[in-house]
Amino acid sequence: MERWPTPDSLAQASPAEVLIAWDRLGYPRRALRLQECAKAVVAKYHGELPRTREELLTLPGVGEYTADAVLAFAFHLHSVVLDTNIRRVLARWNGQALPAVHQTKAERSHAAKFVPKVPDRAWLWNASIMEFGALICTARDPKCEQCPVQQSCTWFQTGKPKDSFAHMRKTQKFIGTQREARGKIMAQLRLHQSLTELELLELSTLSKERFTAAVDSLCQDGLIRKNNDRYSL
Ligand code: SF4
């Protein structure tokens, strides 16, 4: 935010600068989408974020969650920001240990009924329930004894039944995945900017097979490039 405070300034940066600044904030593809989004905002909306869900959803990298969060927190408009904490709190009030694996329209419209219609209050509701889910109604160890809505919480009042969607949940491993391999390669290129294939292979500490698969996918995604046996962002 300090370095590129406006869409216009971010749009003018090089993708390599953006990837280096992004560091390990999350999937590096998001950094490129963010910059594509800045360019689209400059080209289509004179450098100002649009204020409707429909328009926000046309921007690169902006899905339903991001559009809803922008409407609530940037513009203080009526919006349901169904993040993992809010979904869990509402599921508990409804009698479930955890929400279903995938969101449904029914879940969305159910959640919308709780969001205040009073102007300027929806964002506060979203922020409060998010915080409540992060601090009190947590996934593993909810602090029900401190909870102000214990009396109206169906899950608590029915004896905390087991998660009925447990069989559908997958635990994501990281070690040994291509995501891990891609992360190692990106980390070295952020550090050294440009490396030969041999240097990058050695510094990444990956097997040749994993290395090749990871650099190929990073090149395909436009996150790194190869020029005369040298890799760079
Ligand atoms: S009683 Fe427990 S499970 Fe129910 S909303 Fe409160 S903290 Fe969450």
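Residues numbered from 1 in each chain as written. Predicted model: local features only at pLDDT ≥ 70, side-chain atom pairs only at ≥ 80, totals over all residues. Heavy atoms only, no water.

Caption draft 1: Region of interest: the packing of aromatic side chains. For the coordinates displayed, the defined rule picks out one aromatic pair. Taken together, a centroid distance of 5.9 Å and an interplanar angle of 25 degrees make the contact between tryptophan 93 and phenylalanine 114 stacked. Of this pair, tryptophan 93 sits in helix α6 (residues 84-93) while phenylalanine 114 sits in the loop between α7 (105-112) and α8 (122-135), and the two are 21 residues apart along the sequence. Take phenylalanine 114: its relative accessible area is 35%, and that puts it in the partly exposed class. The cationic tip of arginine 92 hangs over the ring face of tryptophan 155; the distance from NZ or CZ to the ring centre is 4.6 Å. (Phe/Tyr/Trp six-rings, centres within 6.5 Å; stacked < 30°, edge-to-face > 60°. Helix = DSSP H or I, 4+ residues; strand = E, 2+ residues; numbered from the N terminus. Buried < 20%, exposed > 50% of the residue type's maximum accessible area, 1.4 Å probe, protein only. Lys NZ or Arg CZ within 6 Å of the ring centre and 35° of its normal.)

Caption draft 2: Expanded view of the packing of helix α5 (residues 64-74) against α8. Interhelical geometry of α5 versus α8 gives an angle of 115 degrees and a closest axis separation of 8 Å. Our pair here, α5 against α8, has a crossing hand that is left-handed. On α8, the residues that touch Tyr65, Ala72 and Phe73 of α5 are Trp123, Asn126, Ala127 and Met130. Within the contact of α5 with α8, the residues separate by chemical class into six nonpolar, one polar and no charged. (Axes fitted to C-alpha atoms, helices over the stretch in contact; angles between N-to-C directions. Left-handed = near helix turned anticlockwise from the far one by under 90°. Contact = heavy atoms within 4.5 Å. Nonpolar A, V, L, I, M, F, W, Y, C, P; charged D, E, K, R; others polar.)

Caption draft 3: Summary view of α8. A rise of 1.5 Å per residue sets the reference length of α8, with its 14 residues, at 20 Å; its end C-alpha atoms lie 20 Å apart and thus fit the reference within 8%. Those residues of α8 lying buried are Ala122, Trp125, Asn126, Ile129, Met130, Phe132 and Gly133. Across the axial projection of α8, the buried residues extend over an arc of 160 degrees, all falling on one side. Contact partners of the buried residues in α8: α5 and α6. (Expected span 1.5 Å × (residues − 1). Arc of directions from axis to C-beta.)

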